[in-house]
Amino acid sequence: MDRWVPAGLPAPGLSSLSVWSGLLRQPWHLLALLCLAQILCWTVVPALVDPAPPGDVVEGFMWGREWVLLTYKHPQLPGWLLETSHLLTGSFRWPQYLLAQLTISATFILVYLLARDMLGQSRALAAVLLMPSVYFFGWPTPQFNHDYAQMPFWAAICWLLWRAGRGGGPGWWLALGLVSGVGLYAKFSTGLLLAFGALWLLSDARARSRLATPWPWLGLAVFLAVATPLAVELYRIDFLPLTYFAGRDEWVTEHRARLYYAGVQMAGLSGFLLVLAISGLLRHSPAPQEPVERGSRVYLMWMGLGPAALVMVASLFTGTGEAWGAPMYNLVGVVALAFLSHRLGATEMRKLTICAFICIIGMSGAYAAIRWTDCNVRGRMDAVCWPARPISDEAEAVWHAAVPGRLDIVGGDTNLAMLAGLNAYDKPSIFTDLDMRFAPWITPKRLHDHGMLMVWPGSRVPPQLHAWLDNIQVKTVLFNWSQEAPPVAISFAAIPPGARLPVAVDGPTGQPHS
């Protein structure tokens, strides 16, 4: 039972505060408003100011249309969701932003459910109100990728494991197995949270006692059944995602300072600490009369901070992507309230609410201003500045002027080729890096039968494309993309069906081999 009452305010007086008191009595209403603000602001703003989706989103759309289980980078649940959003709406302009915010809002709700079990309704709401102040729930969210697709799965696993370990029935264990297995399809790093969860299950006496029942083992069977196809596919493609991870690790190590990752994580939490201070939760006050159960605190510290701390330490020795920690801070608000909830009163709650909405509205507004300024005033060619629709329109025009059949394959400069194929009516496939290991849906026969449109920046043919473009006519088009910067030149070349092409493409540089 939630026994929290706003400090300095008698319970009967709540009814006189109309809307505000109603929200406090019904935390779900305020949580719904928070989710609605998050969804509206972070869907509408990027859709209005970004001519092109972020790079990872374009890649997700292009890979999603292939409906493969696994690529050389990651499992493909995010790609499936992106392709589904397009099939349902027919647009590449806004559904990806809505999808991203639906996952964020689902995370808010799942965190609330866990916190409610441990802290009660009002404190749980306060914990969620802290979340918009964390950088990873704001500015980067328009780029729906594997890091953000994981977020609700991490929150759900933490909640389901707690419920199951504290005496939940078979449904909780089966749901835990299912969600844990599906979470791996979002990104393999979900396995890190599962490892922390397994260690907690073995170390906590009460949770460990559940292992004497059949339900945890049935949940494990469900998990293995869901995850097995992914493991089989990983083996089939010769563990290419591990090779990609090693290559990414090497690049980050060479191009980032040793403390870069830790610095980004600390900067991402700076707003969270500021809101804690503004709300008054960091002020000195007497020790709580009703401390949160020690077992709950241990669980929150272990599951909520353990993976983030481990990765931060590992980043001192390996190359770690700055966005990889995004799903690891779901529970920071719950951890804070587990230790500071005795300082939470009506005033603090009101300040947290105001700060949460300021963070959502203010940061989305800043995103709009900075993105528009970068593209149109500063002339900074970010991924979202490319004129995606005109590039796709020109790509199809070039192809159909030269070849009577549909545009089936795009390649060349992978990033530009994906933009060329994104909005194309023919929905072509991307020939990633001109390497069939990275694009197994492309075969020598398909290339021979359907041809390919090459796309690259500038007017000069890059050396790696010479073997592909022997005596093929090239068309270079200037595209306006900024109010201040000059147009950008993009070249197109249609390789018709039946043209002499390499039988296989095996190297990462796209060099053809007979």
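For clarity, every value in this text was computed on a predicted model and none was experimentally measured.

J.: Sorry if this is basic, but what is going on with the state of the cysteines here?
T.: Covalent bonding between the sulfur atoms of two cysteines is what defines a disulfide. Scanning the entire structure with this criterion turns up 1 disulfide. Residue Cys-375 pairs covalently with Cys-385 via a disulfide, S to S 1.8 Å. Across the disulfide from Cys-375 to Cys-385, rotation about the S-S bond amounts to roughly -80 degrees, and the bridge is consequently left-handed. Note that Cys-375 is positioned in helix H18 (residues 346-376) and Cys-385 in the loop between H18 and helix H19 (388-402), a separation of 10 residues in sequence. Cys-385 carries the same exposure label as Cys-375, and that label is buried.

J.: Mind showing me how you'd approach the pattern of salt bridges here?
T.: Close approach of charged atoms lets side chains of opposite charge pair. Summed over the entire model, instances satisfying the criterion amount to 15 salt bridges. Arg-283 is paired through a salt bridge with Glu-348; the nearest N and O atoms lie 3.1 Å apart. Here Arg-283 is found in the loop between helix H15 (270-279) and helix H16 (294-314), whereas its partner Glu-348 is found in helix H18, with 65 residues between them in sequence. With relative accessibility at 10%, the residue Glu-348 sits in the buried group. With a closest N to O distance of 3.7 Å, Asp-382 and Arg-371 form a salt bridge. Residue Asp-382 is found in the loop between H18 and H19, and its partner Arg-371 is found in helix H18; the two are separated by 11 residues along the sequence. Ionic contacts of the salt-bridge type, sharing partners, join the residues Arg-371, Arg-380 and Asp-382 into one network.

J.: Is there a simple way to explain the packing of helix H2 (residues 27-49) against H18 in this structure?
T.: Put simply, H2 and H18 touch, their axes get as near as 9 Å, and they point 5 degrees apart. With respect to their mutual orientation, H2 and H18 come out roughly parallel. Facing Leu-30, Leu-33, Leu-34, Ala-37, Gln-38, Cys-41, Trp-42, Val-45, Pro-46 and Val-49 of H2, the residues of H18 in contact are Thr-353, Ala-356, Phe-357, Ile-360, Ile-361, Met-363, Ser-364, Tyr-367, Ala-368 and Arg-371. Looking at side-chain class alone, the contact of H2 with H18 contains 16 nonpolar, 3 polar and 1 charged residues.

J.: Even after reading the chapter, I still don't get a nonpolar patch on the surface, so can you show me in this structure?
T.: A cluster of nonpolar side chains, Leu-33, Leu-36, Leu-40, Val-44 and Leu-48, forms an exposed patch at the surface whose accessible area comes to about 470 Å². With respect to the element layout, Leu-36 can be found in helix H2. By relative accessible area, which is 46% here, Leu-36 ends up partly exposed.

J.: Explain the packing of aromatic side chains here, please?
T.: Describing an aromatic ring pair means giving the distance of the ring centres and the angle of the ring planes. All chains considered together, the criterion is met by 20 aromatic pairs. Ring geometry for Trp-42 and Tyr-367: centres 5.6 Å apart, planes at 75 degrees, overall edge-to-face. Of this pair, Trp-42 sits in helix H2 while Tyr-367 sits in helix H18; the two residues are 325 residues apart in sequence, bridging distant segments of the chain. Its relative accessible area of 1% is what places Trp-42 among the buried residues. Judged by relative accessible area, which is 1%, Tyr-367 ranks as buried. Ring geometry for Phe-245 versus Trp-324: centroids 5.6 Å apart, planes at 25 degrees, classification stacked. Of the two residues, Phe-245 is situated in helix H13 (residues 240-255) and Trp-324 in the loop between H16 and helix H17 (332-340); the sequence distance between them amounts to 79 residues. Ring pairs connect the aromatic residues Trp-63, Tyr-72, Tyr-244 and Phe-438, which therefore count as one cluster. Geometry around Tyr-260 places Arg-256 over its ring, the cationic atom sitting 4.7 Å from the centre.

J.: Which parts of the structure should I look at to understand the environment of Val-461?
T.: If you trace the backbone, Val-461 turns up in the loop between strand S3 (452-457) and strand S4 (475-479). A C-alpha to C-alpha distance of 10.0 Å links Val-461 and Ala-493, two positions 32 residues apart in sequence.

J.: Explanation requested: the pairing of strand S5 (residues 488-495) in the structure shown.
T.: One face of the sheet, then the other: side chains in a regular strand alternate in exactly this way. For S5, the tally of buried residues reaches 7 of 8 residues, placing the bulk of the element in the interior. Bridging between S3 and S5 involves 6 bridges; their strand directions are antiparallel. Looking at S5, one finds that Met-452 is bridged to Ile-495. Sheet topology places S4 next to S5; 5 bridges connect them, and they run antiparallel. By the bridge assignment, Phe-479 is partnered in S5 with Val-488.

J.: Is there a simple way to explain empty space enclosed by the protein in this structure?
T.: Using a probe with the size of a water molecule, rolled over the atoms, empty space left in the structure can be pinpointed. Considering all chains together, one arrives at 1 cavity of 30 Å³ or more under this definition. Roughly 40 Å³ of volume is contained in the largest cavity. Contributing to the lining of the largest cavity are Trp-154, Cys-158, Leu-193, Met-303, Gly-304, Pro-327, Met-328, Asn-330 and Leu-331. Only helix H8 (151-165) and H16 provide two or more residues apiece to the lining of the largest cavity. Residue classes in the lining of the largest cavity are distributed as 7 nonpolar, 2 polar and no charged.

J.: How do you make sense of the environment of Ala-195 when you look at a structure like this?
T.: Structurally, Ala-195 is set in helix H10 (residues 190-203). Looking at Ala-195, the relative accessible area reads 37%, which means it is partly exposed.

J.: Sorry, what's going on with unusual backbone geometry here?
T.: What is expected of a backbone is that most residues other than glycine have negative phi and most peptide bonds are trans. Of note, Asp-433 is a non-glycine position whose phi angle comes to about 55 degrees, a positive value. Residue placement: Asp-433 occurs in the loop between strand S2 (429-430) and helix H21 (444-450). One non-glycine residue, Leu-434, adopts positive backbone phi at about 50 degrees. Checked against the element boundaries, Leu-434 lands in the loop between S2 and H21. Judged by its relative accessible area of 3%, Leu-434 is buried.

Reading the values: the criteria
Residues numbered from 1 in each chain as written. Predicted model: local features only at pLDDT ≥ 70, side-chain atom pairs only at ≥ 80, totals over all residues. Heavy atoms only, no water. Disulfide = S-S within 2.5 Å. Helix = DSSP H or I, 4+ residues; strand = E, 2+ residues; numbered from the N terminus. Buried < 20%, exposed > 50% of the residue type's maximum accessible area, 1.4 Å probe, protein only. Salt bridge = Lys/Arg side-chain N within 4 Å of Asp/Glu carboxyl O. Axes fitted to C-alpha atoms, helices over the stretch in contact; angles between N-to-C directions. Parallel < 35°, antiparallel > 145°, perpendicular 65-115°, else oblique. Contact = heavy atoms within 4.5 Å. Nonpolar A, V, L, I, M, F, W, Y, C, P; charged D, E, K, R; others polar. Patch = residues over 30% accessible without salt bridge, like charges linked within 9 Å, V, L, I, M, F, W, Y side chains within 5 Å. Areas by Shrake-Rupley, 256 points an atom, 1.4 Å probe, with all protein chains shown as cover. Phe/Tyr/Trp six-rings, centres within 6.5 Å; stacked < 30°, edge-to-face > 60°. Lys NZ or Arg CZ within 6 Å of the ring centre and 35° of its normal. Pairing = 2+ DSSP bridges. 1 Å grid on protein atoms, 1.4 Å probe; cavity = no way out; pocket = protein on both sides within 12 Å on 5 of 7 lines; lining within 4 Å. Points joined across faces, edges and corners; volume = space filled by probe spheres on them.

So, to be careful, I would describe these as geometric facts and stop short of saying anything about function.
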